Amino acid sequence: MNKRLAMESVLVTLLFIIGFAAWNVVQGMIMSMNYVPDLTNTAFSGTPLQSKVAFGTIVRWDTTSIIMAVAGFVLLAVAYYGLRLGMQRWTQRS
């Protein structure tokens, strides 16, 4: 097993997950900046306007969720490792 390639696989997988999370945060910020509530229909409905805003989601980490997250991370790292190893062997043959 190529230790350098294994470490690269883990780092690329971590960067991919961090990038995906960062993209979700940026996308949420853009959506929040561009949101304009419809006040005309709310004023006539008779219900008071919302005074508190909840952000985020509630995530409950049970054993199954943790196992699936770890398995997904490992599968992504193994897929990257296999792809890079195959590319190295293919380029060495030609």
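Please refer to the structure higher up on the page.
Remember, it's a predicted structure, so these values are computed and weren't measured experimentally.

A. Structural view of the pattern of salt bridges. Scanning the entire structure with this criterion turns up 2 salt bridges. Residues Glu8 and Arg4 are paired through a salt bridge, measuring 3.7 Å at the closest nitrogen-oxygen approach. A residue pair is termed a helical-turn pair when its members lie 3 or 4 positions apart in one helix, as Glu8 and Arg4 do in helix H1 (residues 3–34) at 4 residues. Three or more residues joined by partner-sharing salt bridges are found here, namely Arg4, Glu8 and Arg84.

B. H1, seen in detail. Between its terminal C-alpha atoms H1 stretches 47 Å, which fits the 46 Å expected from 32 residues at 1.5 Å a residue. Contacts from the buried residues of H1 go to helix H3 (63–93). Its side-chain oxygen placed 3.3 Å from the backbone nitrogen of Arg4, Asn2 serves as the N-cap of H1.

The rules behind these values
Residues numbered from 1 in each chain as written. Predicted model: local features only at pLDDT ≥ 70, side-chain atom pairs only at ≥ 80, totals over all residues. Heavy atoms only, no water. Salt bridge = Lys/Arg side-chain N within 4 Å of Asp/Glu carboxyl O. Helix = DSSP H or I, 4+ residues; strand = E, 2+ residues; numbered from the N terminus. Expected span 1.5 Å × (residues − 1). Contact = heavy atoms within 4.5 Å. Polar contact = N/O pair within 3.5 Å; in protein donor to acceptor, adjacent residues only side chain to side chain.

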